[in-house]
Amino acid sequence: MKFQKRRANTKQEIPTASMPDIVFMLLLFFMVTTTLREYDVMVHYKLPEAKAIEKIENKRLIQYVWVGAGNRIQINDSIVKLSEIEPLMYAKRQALPNVIISLRIDKGVDMGLVTDIQQELRKAYCLRINYSTTLKI
Amino acid sequence: MIKKRKIAEATIPTSSMADIAFLLLLFFLVATTIDVDTGIGLVLPEYVKDVSTVEVPKNRMAAVLINANGDVLMDGKPISIYQVKDNLKPRIISKIDLPKNKKLIVSVKTDRKTKYNSYIQALDQIKSAYFEVRDEYSNQNYGRKYNDLPEDEQKVVQEKIPIIISIAEPEKVKQ
C-alpha cells in the first residue's frame, strides 16, 4: 500500500511586494514624530494633573515659559533670570497683542516663585495666562 | 499600402498612486499639532502700584487658603483639598439669580512655600465646581450640556455663572 503525502497545494509564501511601502510608512512616521520640537527645553519639569482643563485653540498666540526643578526659568531658547522676564514679555506683547502665556511649571516648584513670575507678567501687561497641565484620568 | 505605425504605450503607471497618497495623508496627519496645549486658563489683574482695597461683603467671598503642607482652609474650616468642589457648588448655585455685582468671588491664597501642585489641585477643584454648575444650569434650561450650546446661549450662561477667581498674593513666611 502506498501512502500519499497529505499536503495542501496552496502556496506557502508571504507576499512581500508591499513590504517596502510598509517600511517607508514606518520610517516616515518615526521621522516625523521624533523631530517636531520647536524649542530645546533645558529645564526638567513634570506637569501637574487636573480635570477641569481647557484647550488653547490658537497655537500661534502662545508664548511658553518653562519653570523647572531648581527654579530655572526658560523663555524661548535660553535660561533667564526673574528680572529679565518683564522686558522679554513686553517685547513679545508688542509683537502679539493678545498673547497667551502658557506656564509649564514643575509640580514641586514653590508658589513664591510662581507669584513672582506672575507679578512680572502683570507688569508686562501679559494678562492672559494658562497653567499647563495634563489630563487626570 | 500604408503600414499602420504602432503607437508606443504612453500611460503613467498609477498602481502606486494610492500608496503615495496614503503616505502624504499620513504625513499631514502626523505633522499637524500632535500635542494639544491643555491647561487651566486664567486672566491676571492689571498691575497697579497703589492697591486700593475694596471691602467685599463676607457672604460674597469664598476664601480658600492653602498652607505649605497642602492643608486647605475654606472659610475658616479645615477641609480636604478634594472637598473644595462640593463645598463650593451649593454656594455658586445659590447666587445664580443674583445681580452681577453680587456673584460669588473665590479667593485663593497660598503661602510662599506652598507647592505648585496643591495650588493647581485647588484651582482644578474650583474650576470643576463652576463647570458642573454651568452644565447643570444648561441642562435645566436648554436641555443640553454647556459645551454643546450655541454661542449666544453660552454667553447667557456665562453671565449667569461667571467664574471670578481672585489670586491673592502669598504672605511672606513668618519666622
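Residues numbered from 1 in each chain as written. Chains lettered and ligands numbered in written order. Predicted model: local features only at pLDDT ≥ 70, side-chain atom pairs only at ≥ 80, totals over all residues.

A. Structural detail: the overall build of chain B. Helix and strand content of chain B: four helices and six strands. What you see in chain B, going N to C, is helices and strands ordered as α-β-β-β-β-α-β-α-α-β. For chain B, with 175 residues in total, the buried portion stands at 23%. (Helix = DSSP H or I, 4+ residues; strand = E, 2+ residues; numbered from the N terminus. Buried ≥ 20, exposed ≤ 12 C-beta atoms within 10 Å, placed from the backbone.)

B. Summary view of the sheet that holds strand β2 (residues 54-55) of chain A. Read from one edge of the open sheet, seven strands run β2(A)-β1(B)-β7(A)-β6(A)-β3(A)-β4(A)-β5(A), paired in mixed fashion. A single partner strand is all that each edge strand has here, and the edge strands are β2 and β5 (78-80) of chain A. As judged from the four bridges shared by strand β3 (residues 62-68) of chain A and strand β4 (residues 72-75) of chain A, these two strands associate in the antiparallel manner. Bridging across to β4(A), A:Trp66 finds its partner in A:Gln74. Packing of helix α3 (residues 116-142) of chain B onto the sheet brings it into contact with β6 (100-105) and β7 (128-132) of chain A together with β1 (38-43) of chain B, and relative to β1(B) it is tilted by some 80°. (Pairing = 2+ DSSP bridges. Contact = placed C-beta atoms within 7 Å. Axes fitted to C-alpha atoms, helices over the stretch in contact; angles between N-to-C directions.)

C. Structural detail: the pairing of β4(A). Residue and element names in this part refer to chain A. What sits between the antiparallel neighbours β3 and β4 is a turn of three residues, in which Gly 70 has the positive phi angle 80°. Where β4 meets β5, three bridges bridge the pair, whose relative direction is antiparallel. Its bridge partner lying in β5, Ile 75 is registered against Ser 78. Counted between consecutive antiparallel strands, the loop separating β4 from β5 contains two residues, among which Asn 76 sits at a positive phi close to 55°.

D. Quick look at the nonpolar core. Core analysis: the biggest nonpolar cluster contains 45 residues, and A:Ile101, B:Val64, B:Ala122 and B:Ile126 have the highest contact counts within it. In terms of residue count, α3(B) provides more of this core than any other element does, 10 residues in total. The residues contacting A:Ile101, other than those within four sequence positions of it, are A:Gln63, A:Val65, A:Leu121, A:Cys126, A:Arg128, A:Ile129 and A:Asn130. (Core = buried A, V, L, I, M, F, W, Y, C linked by C-beta atoms within 7 Å.)

E. Region of interest: the packing of α3(B) against helix α4 (residues 151-160) of chain B. All names here are of chain B. Axis separation between α3 and α4 bottoms out at 11 Å; the angle between their running directions is 125°. The orientation of α3 with respect to α4, classified from their angle, is oblique. With respect to the hand of their crossing, α3 and α4 are arranged in right-handed fashion. Residues Arg 134, Tyr 137, Ser 138 and Tyr 142 of α3 lie in contact with α4, whose contacting residues are Glu 153, Val 157 and Lys 160. (Parallel < 35°, antiparallel > 145°, perpendicular 65-115°, else oblique. Left-handed = near helix turned anticlockwise from the far one by under 90°.)

F. Fine view of the environment of B:Lys100. Residues and elements named next belong to chain B. Looking at where Lys 100 falls in the secondary structure, it is placed in the loop between α2 (84-94) and β5 (105-110). With 8 C-beta atoms packed within 10 Å, Lys 100 lands in the exposed category. It is 8.6 Å that separates the C-alpha atoms of Lys 100 and Pro 162, two residues lying 62 residues apart in sequence.

G. Molecular detail of the interface of chain B and chain A. Opposite the 35 residues of chain B that make contact, chain A presents 41 residues. Broken down by secondary-structure element, the contributors of at least two residues to the side of chain B that touches chain A are α1 (17-31), β1 and α3 of chain B. Sort the elements by how many residues they give to the side of chain B that touches chain A and α3(B) lands first, with eight residues. In terms of residue class, the side of chain B that touches chain A is made up of 17 nonpolar, eight polar and 10 charged. Here β2(A) pairs with β1(B) via two bridges, running antiparallel. Along β1(B), the bridge assignment pairs A:Glu54 with B:Gly39. (Nonpolar A, V, L, I, M, F, W, Y, C, P; charged D, E, K, R; others polar.)

H. Expanded view of the sheet that holds strand β2 (residues 61-66) of chain B. Residues and elements named next belong to chain B. Here five strands make up an open sheet; going across it, the order is β4-β3-β2-β5-β6 and the pairing mixed. Pairing within the sheet leaves two strands with one partner each, and these edge strands are β4 (77-79) and β6 (165-167). On average, each strand axis in the sheet is inclined to that of its neighbour by 25°, with strand direction left out of account. By the bridge criterion, six bridges tie β2 to β5 in an arrangement that is parallel. Each residue of the ladder has a partner; that of Leu 65, found in β5, is Lys 109.

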